[in-house]
Amino acid sequence: MRQVFSLLVDNTSGVLSRVAGLFSRRGYNISSLTVGETADPRYSRMTVVAEGDERILDQIRKQLAKLIDVVDIKVLNPETSVSRELVLVKIRVDEADRQSVLTTASIFRGNIVDVSPDSLIIELTGGASKLDAFLKLMSNYEILELARTGITGLSRGSEDVRYL
């Protein structure tokens with residue numbers, strides 16, 4: 001079972017280390033982790049994806065809530081939240097294959113962010129299944145480099161917004 005935790009944390013040094021340390025001390029694995037400052041520079045949002053059975057995921061939530069730097073925790077359920085991921089992929093392409101790659105990127109609503117004589121860098125955002133499908137199609141070409149951000153997300157609506 002996989003669960004996405006959205007944490008609102010104090011934007012201070014060492015917070016990331018304390019959150020990651022909680023996972024490593026207990027032998028839990030972080031599948032994905034993204035962090036960024038919020039509209040209020042005093043706080044950052046961390047999106048942490050963890051896997052385990054219901055008991056382990058509940059324990060993770062309780063342990064995170066005990067951390068002094070954690071202001072708020074939400075579990076992002078797929079039905080009631082929006083989540084996205086970003087991938088940058090550099091693909092080796094020659095003149096003969098360039099149009100085919102451009103067409104495929106366009107179908108997936110990808111953006112070409114760099115062009116060189118022998119490669120393209122494509123930026124693509126969406127759900128993990130969309131990105132996986134695109135990368136599977138691109139596996140016919142030589143993927144020179146790949147960078148994937150991990151999941152970030154927010155709950156839908158304004159009912160559970162935490163005002164500070």
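We now turn to the structure provided with this report. Quick caveat, the model's predicted, so the values are computed rather than measured.

Here the focus is helix 4 (residues 128–138). Think of an α-helix as turning once every 3.6 residues; residues three or four places apart then point the same way. What helix 4 keeps buried is the set Leu131, Phe134, Leu135 and Met138. Angular distribution of buried residues about the axis of helix 4 spans 95°; they occupy a single face of the element. Exposed residues lying more than 90 degrees from the buried face of helix 4 are Ser129 and Lys136. Residues of helix 4 that are buried sit in contact with strand 5 (81–92), helix 3 (95–107), strand 7 (119–126) and strand 8 (142–148).

The next point concerns the packing of helix 3 against helix 4. Between helix 3 and helix 4, whose axes approach to 11 Å, the crossing angle comes to 170°. Taken together, helix 3 and helix 4 sit at an angle that is classed as roughly antiparallel. Two secondary-structure elements touch here, helix 3 through Val101, Thr104 and Ala105 and helix 4 through Phe134, Leu137 and Met138. Across the contact of helix 3 with helix 4, the residue classes tally to five nonpolar, one polar and no charged.

All right, on to the side chain of Thr47 then. With respect to the element layout, Thr47 can be found in strand 3 (residues 43–51). A relative accessible area of 1% means that Thr47 is categorised as buried.

Cut-offs used in this document
Residues numbered from 1 in each chain as written. Predicted model: local features only at pLDDT ≥ 70, side-chain atom pairs only at ≥ 80, totals over all residues. Heavy atoms only, no water. Buried < 20%, exposed > 50% of the residue type's maximum accessible area, 1.4 Å probe, protein only. Helix = DSSP H or I, 4+ residues; strand = E, 2+ residues; numbered from the N terminus. Arc of directions from axis to C-beta. Contact = heavy atoms within 4.5 Å. Axes fitted to C-alpha atoms, helices over the stretch in contact; angles between N-to-C directions. Parallel < 35°, antiparallel > 145°, perpendicular 65-115°, else oblique. Nonpolar A, V, L, I, M, F, W, Y, C, P; charged D, E, K, R; others polar.

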